[in-house]
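# A look at the structure
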Amino acid sequence: MTLTEKILARAAGKAQVQAGDNVWVKADVLMTHDVCGPGTIGVFKREFGKAARVWDPRKVVVIPDHYIFTADSKSNRNVDILREFVKEQGITYFYDVIDDPNGHWVFDATKGMLQRQYGSQYAGVCHTALPQKGHTRPGEILFGTDSHTCMAGAFNEFATGIGNTDAGFVMGTGKLLLKVPETMHFRLEGALQPGVMAKDVILHCIGEIGFDGATYRALQFDGSGIAGLSMDDRMTIANMAIEAGGKNGIFEFDDQTQKYVDFRCKLNGTKATYEPVTRDRNEKFVYESVIDLTRLEPTVACHPDPGQRKLARELTHVKLDRAYIGSCTGGKTSDFLEFARVLRDKHVKIDTFGVPATPEIVHDLQSARWGEKTVWDILVDAGVQMTENAGCAACLGGPVDTFGRMNSPLKCISATNRNFPGRMGHKESQVFLASPVTVAASALTGVITDPREYLS
Ligand code: SF4
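Keep in mind that what you see is a predicted model, and the values were worked out from it rather than measured.

Rules behind the numbers
- Numbering of residues begins from 1 in every chain and follows the order in which that chain's sequence is written.
- Side-chain atom pairs in this predicted model are given and counted only at pLDDT of 80 or more, local residue features only at pLDDT of at least 70, and totals for whole chains, interfaces and linings cover all residues.
- Heavy atoms throughout the structure, all of them, feed into the side-chain values; hydrogens and water do not.
- Numbering of helices and strands runs from the N terminus; a helix is a DSSP stretch of H or I covering at least four residues, while a strand is a stretch of E covering at least two.
- Here the radius of gyration uses the C-alpha set of atoms, whereas the globule reference equals 2.2 Å times the residue count to the power 0.38.
- Buried means the residue's accessible area, taken with a 1.4 Å probe over protein chains only, is under 20% of the maximum for its type, while exposed means over 50%, and partly exposed covers the values in between.
- Here the Shrake-Rupley method, with its probe set to 1.4 Å, supplies the accessible areas, and only the displayed protein chains count as covering residues.
- In this tally Asp and Glu are treated as negative and Lys and Arg as positive; neither His nor the chain ends contributes.
- Taken as the charge location is NZ of Lys, CZ of Arg, CG of Asp or CD of Glu.
- Each nonpolar core is a collection of buried residues, namely Ala, Val, Leu, Ile, Met, Phe, Trp, Tyr and Cys, held together in the definition by side-chain atoms within 4.5 Å.
- Only heavy atoms enter the contact rule, under which two residues are in contact if any of them lie within 4.5 Å.
- Salt bridge, as used here: a side-chain nitrogen of Lys or Arg that lies within 4 Å of a carboxyl oxygen of Asp or Glu.
- The pairing test for Phe, Tyr and Trp rings, Trp by its six-membered ring, is centres within 6.5 Å, and the orientation test on the planes gives stacked under 30 degrees, edge-to-face over 60, and tilted for anything in between.
- Counting as a charge over the ring demands two things of the Lys NZ or Arg CZ atom: a distance within 6 Å of the ring centre and an angle within 35 degrees of the ring normal.
- Each residue is tested against the molecule or strand, and it is near if at least one of its non-hydrogen atoms lies within 4 Å.
- The nonpolar class holds Ala, Val, Leu, Ile, Met, Phe, Trp, Tyr, Cys and Pro. Asp, Glu, Lys and Arg form the charged class, and all remaining residues, Gly among them, are polar.
- Strand pairing requires that DSSP identify at least two bridges connecting the strands.
- Both cavities and pockets are sets of points on a 1 Å grid over the protein atoms alone; in a cavity a 1.4 Å probe fits but cannot get out, in a pocket the set is open with protein on both sides within 12 Å along at least five of seven lines, and lining residues sit with an atom within 4 Å of a point.
- Grid points are joined across faces, edges and corners, and a volume is the space filled by probe spheres set on the points.

Counting its regular elements, the chain contains 13 helices and 20 strands. For 456 residues, the compact-globule formula gives about 23 Å, and the C-alpha radius of gyration of the chain, at 21 Å, lands near that figure. Of all 456 residues assigned to the chain, the portion counted as buried reaches 59%. When the accessible surface of the chain is summed, it comes to about 17200 Å², and 49% of that surface belongs to carbon and sulfur atoms. In the chain, which carries 51 positive and 55 negative side-chain charges, the distance between the mean positions of the two groups comes to 2 Å.

Counting residues in hydrophobic clusters, the biggest one holds 99 residues, and the most contacted among them are Phe-221, Phe-339, Leu-343, Leu-379 and Ile-448. Here Ile-448 is in contact with Val-300, Ala-312, Leu-315, Thr-316, Val-318, Leu-320, Ile-413, Phe-432 and Ser-442, once residues within four sequence places are set aside. Of all hydrophobic cores here, the second largest spans 34 residues; its members include Leu-30, Ile-41, Val-86 and Leu-176.

Before going further, it helps to examine helix α13 (residues 436–445). Most of α13 is tucked away, with nine of its ten residues classed as buried. Taken together, the buried positions of α13 are Pro-436, Val-437, Thr-438, Val-439, Ala-440, Ala-441, Ser-442, Ala-443 and Leu-444. Residues of α13 that are buried make contact with β12 (299–301), β14 (322–326), α9 (327–330), α10 (333–343), β15 (351–355) and β19 (411–414). Trailing α13 by a residue or two, Gly-446 shows a phi angle of about 85°, which is positive.

What follows deals with the environment of Ile-448. Looking at the secondary structure, you find Ile-448 in the segment after α13. For Ile-448, a relative accessible area of 0% puts it in the buried group. For the pair Ile-448 and Arg-10, spaced 438 residues apart in sequence, the C-alpha separation works out to 47 Å.

This part is about the pattern of salt bridges. Scanning the entire structure with this criterion turns up 25 salt bridges. The shortest N-O distance in the salt bridge between Arg-116 and Glu-388 comes to 3.4 Å. Here Glu-388 lies in the loop between β18 (385–386) and β19 and Arg-116 lies in the loop between β4 (93–94) and α4 (126–132), a separation of 272 residues in the sequence. Here Arg-116 falls in the partly exposed class, since its relative accessible area comes to 36%. You can call Glu-388 buried: its relative accessible area is 16%. For Asp-450, the salt bridge goes to Arg-452, with nearest N and O atoms at 2.7 Å.

A separate point is the packing of aromatic side chains. What characterises a pair of aromatic rings is the spacing of the ring centres plus the angle enclosed by the ring planes. For the structure shown, the criterion picks out 18 aromatic pairs. Taking 5.2 Å as the distance between ring centres and 45° as the angle between the ring planes, the aromatic pair formed by Phe-155 and Tyr-260 counts as tilted. Here Phe-155 is found in the loop between β5 (141–144) and β6 (158–161), whereas its partner Tyr-260 is found in helix α8 (residues 255–268), with 105 residues between them in sequence. The buried category is assigned to Tyr-260, whose relative accessible area is 18%. Counting every residue linked through ring pairs, the aromatic cluster contains Trp-24, Phe-44, Phe-48, Phe-85 and Phe-169. Cation over ring: Lys-179 sits above Tyr-216, and NZ or CZ is 5.3 Å from the ring centre.

Time to look at the site of the ligand. Residues in contact with the ligand, as listed here, are His-66, Val-125, His-127, Asp-146, His-148, Ser-327, Cys-328, Cys-392, Cys-395, Leu-396, Asn-417 and Arg-423. A per-class count over the shell around the ligand returns five nonpolar, five polar and two charged.

What follows covers the pairing of β15. A regular strand carries its side chains on alternate faces of the sheet. Across the five residues of β15, four count as buried, placing the element largely inside the fold. The pairing of β14 with β15 spans five bridges and is classified as parallel. The residue of β15 that forms the bridge with Tyr-324 is Phe-353. Bridge count for β15 against β18 is two bridges, and the pairing is parallel. Paired with Phe-353 across the two strands is Gln-385, which belongs to β18.

So, about the layout of surface pockets. Considered as a void within the structure, the largest pocket measures approximately 290 Å³ in volume. Along the walls of the largest pocket sit 20 residues, with Leu-192, Val-196, Met-197, Asp-233 and Glu-338 positioned nearest its centre. Only α7 (231–239) and α10 provide two or more residues apiece to the lining of the largest pocket. For the lining of the largest pocket, the leading source of residues is α10, giving four residues. Along the lines of polarity and charge, the residues of the lining of the largest pocket split into eleven nonpolar, five polar and four charged.

A word on empty space enclosed by the protein. Per the counting criterion, the structure on display carries three cavities of 30 Å³ or more. Taken as a whole, the largest cavity encloses approximately 130 Å³ of empty space. Taken together, the residues that form the lining of the largest cavity break down as nine nonpolar, seven polar and one charged. Put simply, the second largest cavity is a space of about 50 Å³. The wall of the second largest cavity is formed by Met-197, Ala-198, Lys-199, Asp-233, Thr-236, Thr-329, Gly-330, Lys-332, Asp-335, Ala-415 and Pro-436. Looking at the lining of the second largest cavity, the elements with two or more residues in it are α6 (198–209), α7 and α9. Considering only residue class, the lining of the second largest cavity consists of four nonpolar, three polar and four charged.

Structure representation (structure tokens):
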């Protein structure tokens with residue numbers, strides 16, 4: 001069996017499963033957020049009754065993160081709905097925007113977009129917050145009401161996005177009926193060269209198979225090249241499995257995985273036991289690809305979908321209006337550090353927005369010092385508009401006052417993960433997906449630029 005099949009077999013209580021089987025699996029964690037949480041709660045109450053209880057209040061993780069820093073009252077109200085439900089159900093893990101369990105969330109626009117407005121429990125973007133807060137464990141099943149839930153496959157678990165109806169069912173029963181996906185195999189060899197990042201790996205893979213090339217399939221990443229990829233790198237790659245239509249992305253378990261997971265579970269006092277899955281000889285794949293990381297170059301997915309692959313050096317004619325770094329995929333500490341390495345002692349030529357994925361990342365950047373300055377200040381001095389309000393921000397457009405949102409037909413190079421028309425705001429805007437260093441180099445020149453020109 002493949003890694004995905006092994007996890008699904010175990011969760012279904014079976015010795016063996018194969019692609020195409022329909023199996024009932026037990027969930028280890030169900031995550032929901034402010035956009036889909038209210039809808040999921042509605043389905044749960046409708047189907048299980050007003051007085052129903054969630055199947056396990058320690059296994060439902062609630063993370064407001066999407067439409068948070070906006071004066072839109074309906075969006076603010078969604079966070080209040082989550083808070084009321086968490087209180088009613090006694091849910092253990094709720095990363096509220098405010099500290100008062102009886103309060104109401106209101107964003108104060110008069111304070112501006114840059115200054116932090118969250119309390120001490122807020123965790124930021126769900127997919128980045130889940131591992132940081134100790135909710136991702138090898139061998140487990142994670143369901144989330146968000147398509148990029150597949151990011152947690154970096155930790156050798158089966159993680160996938162589900163709709164509100166399925167999530168309402170999981171909330172009530174802790175189970176879900178799943179068809180076992182076929183597995184596509186990506187064997188990574190070699191090592192990434194300077195100026196090439198994990199984002200380039202996944203943009204390369206999606207370019208190879210197309211934005212629907214992995215529809216309802218598992219993407220398994222393994223091989224000797226994995227050892228050189230950090231957990232942040234693996235998260236970037238697993239996150240974008242869905243951009244090829246994948247059901248999930250999954251990595252092999254190794255010492256790095258163990259170190260990260262053990263540290264985070266201990267730090268947060270979450271469940272610290274788990275059982276990873278390892279590869280066996282009888283894996284059946286529907287597709288096989290060997291990728292030599294050494295040969296990859298800075299890559300861009302052009303408008304209008306993540307499969308429109310080109311090399312950055314082929315796109316120097318594309319004039320840009322804006323650059324953006326942020327999101328679960330591109331807003332991690334390591335992403336910002338690489339971004340800052342290119343921008344240090346220089347100044348951007350176009351509007352450039354920086355949105356860390358979580359408050360912990362804001363803290364990392366404000367405490368890391370390079371010489372006299374913090375990394376945060378290096379970015380601000382380079383002209384990047386850095387907000388402390390960690391969250392999804394303009395990655396998915398959002399209400400019209402969202403930080404970094406494209407409210408007119410602009411061209412933007414972005415470290416985010418999705419670029420279908422209208423994704424970051426205006427439906428005639430164009431988004432070019434790239435790595436943090438390609439975004440940085442392009443912000444300096446105002447055209448799509450190969451970052452290797454800026455690396456010594
Ligand atoms: S940052 Fe973007 S991709 Fe990630 S969860 Fe938020 S909206 Fe989705």
